[in-house]
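# Fold and geometry: a report
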Amino acid sequence: MPSNVEGFVPPSAMVVVAHPDDAEFMCAGTVAKWAKQGCEVTYVIITKGDKGSDDPEMTSSKLTVIREAEQRAAGAVLGVKNFEFMGYPDGYLQHTLDLRRDVARLIRKYRPHVIMSFDPTNRFFSDNYVNHPDHRVAGDVTLDATFPTARDRLTFPELLLDGFEPWKVRQIWLSGSDKPNVWVDISDTLELKKQALMMHPSQLGEDVLEFAEQMARGSGASQELAFAESFRRFILEEDPVHE
Ligand SMILES: [Zn+2]
C-alpha cells in the first residue's frame, strides 16, 4: 500500500546527485513544494558535468563554469538554499572511500532530515535507456555515506577532528526506483520544475518540457494524481514531530 505523504514537509533536505540537471529531473517538483513551506534544501552535485557537450569548441573547463551557473539558476527557481559542488570529474565516478567520506562530511555539515538520491539498484529503466554509471555510483555512495558512515563516530575520525559531529538522517528518498512506495503530488509545482529544467540550456531544449510533463503524468497515474514524482522511501529514524 502506498504511504500518504501529502502534508509531509521535512525541516531540511539534501539532494545528492551526479550531475548538474539531475536533481531537476528527479525531484524538482517535490523540492519546490517543500521549499515553499520552509524546508531548507541543499543541493550536492558530485561531478562537474564537464563531459556534457558535443561542441568541438567546448572545453571541460569552460563547461564546468557554465554548468555550475546553470545549476545555481535552476536551484534558485525552486528555492534551494545551499549548493555544494564537489568537483569530481564527470563520467569517471567510482565508489571510493574518499568519495564516501566527502559525502558523509556534507551530511554532517548540513544535518538534513531527508536525503534524496538515485536508486542505485535500477540499471535499466526501459528498452531505450541504460542508467548512467555516475548515477548508480552517486546513489550507492550516498546510501553508504548516510548509513552508517555519517552516523558512526569512529568512522573517518578525521571528520570529527574537523568539527563534523555524527548525524542520523531520518529518511532516505530514492528517485528512479522501480519499486516506489511514496508519490508526491506536484500539480502545483510542475511549472517551476519546467522553469528549472529550462535553466540548463547547455544540456536541454524545449522538448524537455513535454518529457517532464509525461514523466510526471506517468508517475501519478497509479495514484490517480495528475502529476507526481515517485520515490522509494526508507524511514531510518521515526520523528513524531514531522511525520
Ligand atoms: Zn546525470
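Attention in this report is confined to the structure presented alongside it. These numbers come from a predicted model, not from an experiment.

Quick notes on the rules
Residues numbered from 1 in each chain as written. Predicted model: local features only at pLDDT ≥ 70, side-chain atom pairs only at ≥ 80, totals over all residues. Heavy atoms only, no water. Helix = DSSP H or I, 4+ residues; strand = E, 2+ residues; numbered from the N terminus. Contact = heavy atoms within 4.5 Å. Pairing = 2+ DSSP bridges. Axes fitted to C-alpha atoms, helices over the stretch in contact; angles between N-to-C directions. Donors = N, O, S within 2.8 Å, 3.2 Å for Na, K, Ca; no water. Buried < 20%, exposed > 50% of the residue type's maximum accessible area, 1.4 Å probe, protein only. Parallel < 35°, antiparallel > 145°, perpendicular 65-115°, else oblique. Left-handed = near helix turned anticlockwise from the far one by under 90°. Nonpolar A, V, L, I, M, F, W, Y, C, P; charged D, E, K, R; others polar. Salt bridge = Lys/Arg side-chain N within 4 Å of Asp/Glu carboxyl O. Expected span 1.5 Å × (residues − 1). Phe/Tyr/Trp six-rings, centres within 6.5 Å; stacked < 30°, edge-to-face > 60°.

A separate point is the environment of G52. Turning to its location among the elements, G52 is positioned in the loop between β2 (40-47) and α2 (60-78). Setting aside chain neighbours within four positions, we find G52 in contact with L63, R67, D90, S202 and Q203.

Below, the discussion takes up the environment of M116. Its location among the elements puts M116 in strand β4 (residues 114-118). Between the C-alpha atoms of M116 and P56, which are 60 residues apart in sequence, the distance is 35 Å. Setting aside residues up to four positions removed in sequence, M116 forms contacts with M14, V15, V16, M26, C27, T30, W34, W173 and F231.

Moving on, we get to the sheet that holds strand β3 (residues 82-88). With mixed pairing, the 7 strands of this open sheet are ordered in space as β3-β2-β1-β4-β7-β9-β8. Edge strands, defined here as strands with exactly one partner in the open sheet, are β3 and β8 (182-185). Across this sheet, the average inter-strand angle for adjacent strands is 25°, counted without regard to direction. Note: strand β1 (residues 12-17) against β2, 6 bridges, orientation parallel. Paired with V15 across the two strands is Y43, which belongs to β2. Strands in contact with helix α3 (residues 97-110) are β1, β2, β3 and β4; relative to β3, the strand with the most contacts, it is inclined by about 170°.

Protein coordination of the zinc ion is provided by H19 (ND1), D22 (OD) and H135 (NE2), with donor distances spanning 2.0 to 2.1 Å. As a motif over one chain, the donors of the zinc ion read H-x2-D-x112-H. With D22 in helix α1 (residues 22-36) and H135 in helix α4 (residues 133-149), this residue pair connects regions lying 113 residues apart in the sequence. As far as burial versus exposure is concerned, D22 and H135 are alike and both buried.

Another aspect to go through is the side chain of R67. As for its placement among the helices and strands, R67 is situated in helix α2. In contact with R67, not counting residues within four places along its chain, are P20, D21, K48, G49, G52, D90, S202 and Q203.

Before going further, it helps to spend a moment on the packing of α1 against helix α6 (residues 190-197). Orientation of α1 relative to α6, taken along the N-to-C sense of each, is 125°, at an axis distance of 9 Å. The orientation of α1 relative to α6 falls into the category oblique. Remark: the crossing between α1 and α6 carries right-handed chirality. Counting all contacts with α1, which are made through E24, F25, M26, A28, G29, A32 and K36, the residues of α6 involved are L192, K193, A196 and L197. A per-class count over the contact of α1 with α6 returns 7 nonpolar, 1 polar and 3 charged.

Moving on, we come to the pattern of salt bridges. Counting across every chain of the model gives 19 salt bridges. Linking R101 and D102 is a salt bridge whose minimum nitrogen-to-oxygen distance equals 3.3 Å. By the burial criterion, R101 is buried, and D102 matches it. Here R151 makes a salt bridge to D152, at a shortest N to O gap of 2.7 Å. A residue is classified by how much of its surface remains accessible, and R151, at 35% relative accessible area, is partly exposed. Look at the salt bridges and you will find they share partners, linking D98, R101, D102, R105 and E158 into a network.

Attention shifts here to helix α7 (residues 207-221). Taking 1.5 Å of rise per residue, 15 residues should cover 21 Å, and α7 covers 22 Å from first to last C-alpha, within 8% of that figure. In this structure, the buried residues of α7 make contact with α1, α6 and β9 (228-235).

What follows covers the packing of aromatic side chains. Summed over all chains, the structure comprises 8 aromatic pairs. Summarising the aromatic geometry, the rings of F8 and W34 are spaced 5.8 Å apart at their centres and angled 90° between planes, so their arrangement reads as edge-to-face. One end of the pair, F8, is in the segment before β1; the other, W34, is in helix α1, and 26 residues separate them in sequence. On the basis of relative accessible area, W34 is assigned to the buried category, the value being 2%. Their ring planes at 5° and their centres at 6.4 Å tell us that F83 and F85 sit as a pair that is stacked. Taken together, the ring pairs in this structure connect F8, W34, W173 and F231 into an aromatic cluster.

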